[in-house]
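Here is what each chain is made of, one letter per residue.
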Amino acid sequence: MQNGQDVLEQALRLLNYTDSYGQLDGEQHTELFKRGLSAVNQIYCDLWYTGKTEPFFPLNSLREPVLLSARQLQDIMPYGVAMLLAMSEGDGDNQQLYASLYNRKRMAGCDRRRRQDVLFRRSGEGSV
């Protein structure tokens, strides 16, 4: 996976929104493909700020590359997109399942920020 289209397709497969052969059916789920860019951008933004401080720029097209770590892109992001798509479809069971999975994976897989000691010390303390 490298771009938004790959993430969207993986999310649709996770939701089992496929035809009888397991292939994505663009005609049957046209509305999902239309909402796909906004769902991908929403999760992209959420994951962006878990480890980066630079400004976020959303995708203008699903063909653009997603600039996240391989783990975030392949293992976390599709679950978040699946969650949003299921919610938009009123598919409560899938929405609940993928929300739970996304949150667990997000907490386990995102970069942790290091804690920094910011307590004040009295002047002269610790000096010899």
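What you see is a predicted model; the values in this text were computed from it and never measured.

Student: What is the right way to look at helix H3 (residues 70-88) in this model?
Tutor: Since the α-helix advances by 3.6 residues per turn, residues separated by three or four positions end up pointing in the same direction. The first and last C-alpha atoms of H3 sit 27 Å apart over 19 residues, in line with the 27 Å expected at 1.5 Å per residue. Approximately 45° is the largest bend angle found in H3, and it occurs at Ile76, with the proline Pro78 only one to four residues beyond. Of the residues flanking the end of H3, it is Gly90, one or two places downstream, whose phi is positive at about 75°.

Student: I would appreciate a short explanation of the pattern of salt bridges in the present structure.
Tutor: Pairing between side chains of opposite charge can happen when the charged atoms of each approach one another. Evaluated as defined, the whole model comprises four salt bridges. Among the salt bridges present, the one from Arg106 reaches Asp46, with a minimum N-O distance of 2.9 Å. Of the two residues, Arg106 is situated in helix H4 (residues 92-109) and Asp46 in helix H2 (residues 30-48); the sequence distance between them amounts to 60 residues. Exposure remark for Asp46: the relative accessible area of 27% places this residue in the partly exposed category. Salt-bridge contacts for Lys105 lead to Asp75; the nearest nitrogen and oxygen are separated by 2.9 Å. Placement of Lys105 in helix H4 and of Asp75 in helix H3 is noted, with a sequence separation of 30 residues between them. On the basis of relative accessibility, which here comes to 23%, the residue Asp75 falls in the partly exposed class.

What counts and how
- Residues numbered from 1 in each chain as written.
- Predicted model: local features only at pLDDT ≥ 70, side-chain atom pairs only at ≥ 80, totals over all residues.
- Heavy atoms only, no water.
- Helix = DSSP H or I, 4+ residues; strand = E, 2+ residues; numbered from the N terminus.
- Expected span 1.5 Å × (residues − 1).
- Bend = angle between axes of the 7 residues up to and from the residue.
- Salt bridge = Lys/Arg side-chain N within 4 Å of Asp/Glu carboxyl O.
- Buried < 20%, exposed > 50% of the residue type's maximum accessible area, 1.4 Å probe, protein only.

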